Amino acid sequence: MKQMIRLPILLLAIIIVGAFGHELRAQMALGDKMYKIQQYFVAIEYYKKAIKNKGEKGKATFQVAQCYRLMNDYRQADSWYARAEKAGFKEPELYAQHAFVLRALDRFDEASEQYALHLEAVPDDARVKWDRETCVMASGWKKTPTKHEVKNMRVFNTRESDYFLTLIRKNG
């Protein structure tokens, strides 16, 4: 009699777990769709839900980092790239993109280490070789600065990603 009760409960549990797994895979697919149309903020929400799926955890975490990088939020991207590495995501592109973010945060020695990890997997990547050399040079320049003083012109440099000045006419 007890076995008759256990069987339906076991089947119900399998159905619920399967549906939940399908839901998590759907979250990853929706995140990918939003990523492709450059809706990174929305994609992040889907990817964060997909992280609960053990099979997609590393990839989803990497995609969250990619979204933050593409939104120029380098501090968040750095944190998420580190999480992706801890989650077992070992694609060479992880190291190159994490290095890019570290370089943008003026952490040249760490960036150089990430570039080296990328070069272990892809030794002929000329772009990464160049970027690594750039980090080594920048690190040296940072240790021995020149006497030049660079001032931030807050009138032109806003918190947004302004790339150049634009003249606007009053009549449109």
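Counting restarts for each chain, with residues numbered from 1 along the sequence as it is written. Whole-chain, interface and lining totals are the exception, using all residues; otherwise, since this is a predicted model, local features are given only for residues with pLDDT of at least 70 and side-chain atom pairs are given and counted only at 80 or more. Only heavy atoms go into the side-chain values, all of them from the structure, while hydrogens and water stay out.

Thoughts on the overall build of the chain
Helix and strand counts for the chain come out as seven helices and zero strands. By definition, any uninterrupted DSSP run of H or I lasting at least four residues is a helix, any uninterrupted run of E lasting at least two residues is a strand, and each is numbered from the N terminus. From first element to last, N terminus to C terminus, the chain shows the α and β order α-α-α-α-α-α-α. With 172 residues in all, the chain has 30% of them scored as buried. Looking at the chain alone, contacts between residues at least 24 apart form 43% of all its contacts between residues at least 6 apart. Each residue is assigned to one of three classes by its accessible area relative to the maximum for its type, calculated with a 1.4 Å probe on protein chains only: buried under 20%, partly exposed between the two thresholds, exposed over 50%. We call two residues in contact whenever any of their non-hydrogen atoms come within 4.5 Å of each other.

Describing the packing of helix α4 (residues 74-86) against helix α5 (residues 92-104)
Each pair of packed helices can be summarised by the angle the axes make with each other and by the distance between the axes. To get an axis, fit a line to the C-alpha atoms, keeping to the stretch in contact for a helix; angles then go from 0 to 180 degrees between the N-to-C directions. Running from amino to carboxyl end, α4 crosses α5 at an angle of 150°, the nearest separation of the two axes being 9 Å. Taken as axis vectors, α4 and α5 run roughly antiparallel relative to one another. When you trace α4 past α5, the crossing you get is left-handed. Of the residues in α5, those touching α4 at Tyr 74, Ala 77, Asp 78, Tyr 81, Ala 82, Ala 84 and Glu 85 are Leu 94, Tyr 95, Gln 97, His 98, Phe 100, Val 101, Leu 102 and Ala 104. Note on residue categories: nonpolar means Ala, Val, Leu, Ile, Met, Phe, Trp, Tyr, Cys or Pro, charged means Asp, Glu, Lys or Arg, and polar means any other residue, Gly included. Of the residues contributing to the contact of α4 with α5, the split by class is 11 nonpolar, two polar and two charged. Convention used here: angles under 35 degrees read as roughly parallel, angles over 145 as roughly antiparallel, angles from 65 to 115 as roughly perpendicular, and any remaining angle as oblique. Take the far helix as your reference; a near helix turned counterclockwise from it by less than a right angle gives a left-handed crossing, and one turned clockwise gives a right-handed crossing.

Some remarks on helix α3 (residues 57-70)
An expected span of 1.5 Å times one less than the residue number is assigned to each helix. For α3, spanning 14 residues, the distance from its first C-alpha to its last is 20 Å, which sits close to the expected 20 Å at 1.5 Å a residue. Among the 14 residues in α3, 11 count as buried, and that is most of the element. Among the residues of α3, those classed as buried are Gly 58, Ala 60, Thr 61, Phe 62, Gln 63, Val 64, Ala 65, Gln 66, Cys 67, Tyr 68 and Arg 69. Just downstream of α3, Asn 72 is the residue with a positive phi angle, here 65°.

Quick word on helix α2 (residues 40-50)
Every buried residue of α2 is accounted for by Tyr 40, Ala 43, Ile 44, Tyr 47 and Ala 50. Across the axial projection of α2, the buried residues extend over an arc of 120°, all falling on one side. Taking the helix axis as origin, the arc is that swept by the directions to the C-beta atoms.

Section: the side chain of Gln 66
Along the polypeptide, Gln 66 turns up in helix α3. Of the residues examined, Gln 66 reaches a relative accessible area of 6% and is grouped as buried. If near-sequence neighbours (up to four positions away) are discounted, Gln 66 is found in contact with Tyr 35, Tyr 81 and Gln 97.

Notes on the nonpolar core
Each nonpolar core is a collection of buried residues, namely Ala, Val, Leu, Ile, Met, Phe, Trp, Tyr and Cys, held together in the definition by side-chain atoms within 4.5 Å. Grouped together as the largest cluster of nonpolar side chains are 23 residues, with contacts concentrated most on Val 64, Tyr 81 and Leu 94. When contributions to this core are tallied by element, the ones reaching two or more residues are α1 (2-36), α2, α3, α4 and α5. When neighbours within four sequence positions are excluded, Tyr 81 is seen to be in contact with Phe 62, Ala 65, Gln 66, Arg 69, Leu 94, Gln 97, His 98 and Val 101. Judged by nonpolar contacts, the second largest core, of 10 residues, contains Ala 99, Ala 111, Cys 135 and Ala 138.

A short note on the pattern of salt bridges
A pair is scored as a salt bridge if a Lys or Arg side-chain nitrogen falls within 4 Å of a carboxyl oxygen belonging to Asp or Glu. For the structure on display, the rule yields four salt bridges. Linking Arg 127 and Asp 125 is a salt bridge whose minimum nitrogen-to-oxygen distance equals 3.9 Å. On the basis of relative accessibility, which here comes to 42%, the residue Arg 127 falls in the partly exposed class. On the accessibility criterion, Asp 125 (15% relative accessible area) is buried. Counted as one network, the salt bridges with shared partners bring together Asp 78, Arg 107 and Glu 110.

Quick notes on the side chain of Arg 69
The residue Arg 69 is located in helix α3 in this model. Positive: Lys, Arg. Negative: Asp, Glu. His and the chain ends are not part of the count. The side chain of Arg 69 sits in the buried core without any salt bridge; Glu 93 is the nearest counter-charge, 6.1 Å away. Within polar-contact distance, the side chain of Arg 69 engages the side chain of Tyr 81 at 3.2 Å. Discounting residues that sit within four places of it in the chain, Arg 69 has contacts with Tyr 74, Ala 77, Tyr 81, Gln 97, Phe 100 and Val 101. N or O atoms within 3.5 Å of each other form a polar contact, as long as, within protein, one can give a hydrogen and the other can take it, and as long as residues adjacent in sequence are counted only when both atoms are side-chain atoms.

Some details on the environment of Phe 41
If you trace the backbone, Phe 41 turns up in helix α2. It is 7.3 Å that separates the C-alpha atoms of Phe 41 and Cys 67, two residues lying 26 residues apart in sequence.

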